Amino acid sequence: MDRVSSFDEPLKKLLGGATAKVMAEHLDLHTVGDLLHHYPRRYEERGKLTALADLPLDEHVTVVAQVADARILMFNNGRGKRLEVTLTDGSGRLQLVFFGHGVHKPHKELLPGRQAMFAGKVSVFNRKMQLAHPTYQLLDASDADEATEAVDAFAGRLLPIYPACKQLDSWRIAKAVDAVLPSARDAVDPLPASLREGRGFTPLPEALLKVHRPQTKADIEDAKARLKWDEAFVLQVALARRRYADTQLPAVARRPVADGLLDAFDAKLPFTLTEGQEKVSKEIFDDLATEHPMHRLLQGEVGSGKTMVALRAMLAVVDAGGQAAMLAPTEVLAQQHHRSITEMMGELAEGGMLGGSDRGTKVVLLTGSMGMAARRQALLDLVTGEAGIVIGTHALIEDKVQFHDLGLVVVDEQHRFGVEQRDALRSKGKQPPHLLVMTATPIPRTVAMTVFGDLETSVLDQLPAGRSPIASHVVPAKDKPHFLARAWERVREEVGNGHQAYVVCPRIGDDAEEAGGKKGKTKKKTAEEDPEKRPPLAVLEIADELRKGALAGLGVEVLHGRMHPDEKDDVMRRFAAGDVDVLVATTVIEVGVNVPNATAMVIMDADRFGVSQLHQLRGRVGRGSAPGLCLLVSEAHEASPARARLSAVAATLDGFELSRIDLEQRREGDVLGQAQSGVRSSLRMLTVIDDEEVIAAAREEAVAIVAADPELEHLPELRTVLAALLDKEREEYLDKG
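The rules behind each value
Residues numbered from 1 in each chain as written. Predicted model: local features only at pLDDT ≥ 70, side-chain atom pairs only at ≥ 80, totals over all residues. Heavy atoms only, no water. Pairing = 2+ DSSP bridges. Helix = DSSP H or I, 4+ residues; strand = E, 2+ residues; numbered from the N terminus. Axes fitted to C-alpha atoms, helices over the stretch in contact; angles between N-to-C directions. Contact = heavy atoms within 4.5 Å. Core = buried A, V, L, I, M, F, W, Y, C linked by side-chain atoms within 4.5 Å. Buried < 20%, exposed > 50% of the residue type's maximum accessible area, 1.4 Å probe, protein only. pLDDT = per-residue confidence, 0-100. Salt bridge = Lys/Arg side-chain N within 4 Å of Asp/Glu carboxyl O.

All right, on to the sheet that holds strand β10 (residues 323-327) then. Spatially, the seven strands line up as an open sheet ordered β11-β12-β10-β13-β14-β9-β15, and their pairing is parallel. Whereas interior strands pair on both sides, the edge strands pair on one side only; in this sheet they are β11 (362-366) and β15 (456-460). Strand-to-strand twist of the sheet, defined as the mean angle between neighbouring strand axes without regard to direction, takes the value 20°. Examined bridge by bridge, strand β9 (residues 295-300) and strand β14 (residues 434-439) share five bridges and lie parallel to one another. Each bridged residue has a counterpart across the sheet, and for His295 the counterpart in β14 is Leu435. Contacting β9, β13 (406-412), β14 and β15, helix α12 (residues 275-288) runs over the sheet at an angle of about 160° to β15.

Bringing the nonpolar core into the picture now. Nonpolar side chains tend toward joint burial in soluble globular proteins. Counting residues in each nonpolar core, the largest one holds 58 residues, and the members touching the most others are Tyr502, Val582, Val584, Ile589 and Ile603. When near neighbours in sequence (up to four residues on either side) are disregarded, Ile589 contacts Tyr502, Val504, Leu559, Leu583, Met601, Leu617 and Arg620. If you look at the next biggest cluster of nonpolar residues, it comprises 40 residues, including Leu273, Ala313, Ile389 and Ile391.

Glancing now at the confidence of the model for the protein chain. Any segment with low pLDDT has predicted coordinates that should not be analysed in fine detail. Overall, the predicted model of the protein chain reaches an average pLDDT of 80, with 81% of residues at or above 70. Across the protein chain, element-level confidence peaks in strand β17 (residues 500-504) with a mean pLDDT of 95 and bottoms out in helix α25 (residues 674-677) with 34. Scored below 50 in pLDDT, residues 667-681 shows 39 contacts in the model against residues more than four places distant or in partner chains. Confidence drops under a pLDDT of 50 for residues 733-737, and excluding neighbours within four residues, the segment shows 19 contacts in the predicted structure.

Glancing now at the pattern of salt bridges. Under the defined criterion, the tally for this structure stands at 32 salt bridges. One salt bridge connects Asp222 with Lys210, and the closest N-O pair in it is separated by 3.0 Å. With Asp222 in helix α10 (residues 217-247) and Lys210 in helix α9 (residues 204-212), this residue pair connects regions lying 12 residues apart in the sequence. Taking the relative accessible area as the measure of exposure, Asp222 reaches 34% and is therefore partly exposed. On the basis of relative accessible area, Lys210 is assigned to the buried category, the value being 15%. Asp479 serves as the salt-bridge partner of Arg643, at 3.8 Å between the closest nitrogen and oxygen. With Arg643 in helix α23 (residues 641-651) and Asp479 in the loop between β16 (470-476) and α18 (481-496), this pair connects stretches of sequence that are 164 residues apart. In this structure Arg643 comes out as buried when scored by relative accessible area, which is 9%. Under the relative-accessibility criterion, Asp479 is labelled partly exposed at 44%. One continuous salt-bridge network, built from bridges that share partners, spans Arg486, Glu489, Arg490, Glu493 and Glu494.

Written out as structure tokens, the structure is:
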């Protein structure tokens, strides 16, 4: 078998079809190489057991413990049977529960005094931690060979605990790894020899053996140092090559002209730009003046004035004879941007119209739901160059849309767009247009170096004058129902003071959604057997309850993504005009919605949202001179990770701090994975939050290597590994990022 192909060998050849199928479907592992890069999450030592007292709620865990007692209980008038097993490890106790036909085998095997490994998801029932129907492996089994093997593996060395799933436990994954481990010696080493020796790294085959089957803790450290570096380095080489290729592309330099549109706009601004806005604008204008396309990420706190910076860049491009397009993720947001930009520009947005400024230009909106006549006119204005600025949704990307001379593309909330969509818009320029990507989700420096590593970064971290503080509180609806009643009283008080409020729910609650979901497919169990989570709270139901109950007499309206666009726009306009007291909405209001008179927000089932999303939502209030209030309503258990997340959001308004917490919470997930690229990530060992130094050092080495040898002609191994890791899709993702 040659050096590359043993890694490409499909798992079903070595492990059998059933195991390979589960690995592919539930763990996204398809080849020998995939499994060798599926590293242990942690290691157990003999005698040092996971403290049962410290088990995390809602996580899939593997514990080693002793059976203290086991008993069978009857319920449903003797029709139902339940086995309860209590485990102990000296630090605490944990209950296992088995139901129905599943009680017979464990009842025979899990006798007091027996020691075993158990795997399952930690839940709370009747205030006790429990694992329902865990899988287990006895460590003193009756089958002598199996017992010796299990105990030896367990006692003789560090026991690797793998990221597992319900269908495949850690110890079965360990067995599968044993089957493929010999292939580790075929690993292609991506590091140039001089770099490997200079930094004293373990050779790659040895690192793979040490990470899966360490003899000592030093083995684990050695392996981790090497494998982390590889991930950081290969990724940074890919990004450095992208940046290098971008500098080779031609673009039209766009320099603002004196006494043009930009100067006229600046002259009529009723306020001065913040220092941060001035600094970032200069970085952008410097990029626009070069003959290579700008690729810049503009990140700024909610309300830091990113739109103003982007608009000034667009005006500079119009001054220089080009056109600018702004791409927004939703129609609500595109309409909002169009409204606020035309308001900010005044007569400068009416170029060529009666009463418009002679220095002005036309600002057009293009969305999928526009009427035919308005759409035809907008398309005509773009192709003739009459419109200098267009704001739209993905409707901008359709083939029919032609520009006279597209010079700048501004993408708002980048992470909501498919890569192909951004690329399609960029391809509409005669030469590649300049690109400005904006996000209100603060991104820690290390993530910016990885996820957005092919973009230069600008940060707006000052809030403009006149923004008010936002007080945030967690409302524990289950433990303290009177707190929720008080929350609705607070909303009434805000409305009584002439302000408005948002209520946000995770779900719409109409039939279309139910049909699309998994409802009706699950077999109903009794609540005792499966304390099944209720579905998330829904906009339509909550709005109905509020109208009849806590907020009766107030003007309560709904807003969600499945409403007709005209209807959505009508509700938003009336809310902005102050004709609606309370808007019950889904996350369609998450970005860009700007109603300074809205001072309160109640987020229902707040634990169902991510940290960054909660921070974004909260940024919709406190946008005027009155202080904002954000109430995070949750039924999550006090000790749960979900509640810890909410407390973190309530404790700080610093988006960068929250993005760090968010990253720590999701560290098992993929930094470069589904959220950003829709393609599997190559990051397994590297935790972007902890490994800033590794990433920064790898970036430096990568830049030097690519500058000296852009095609990597003298580094064939590195080229091979890049090709394997950055398959066609990922390469394209980085290409368009």
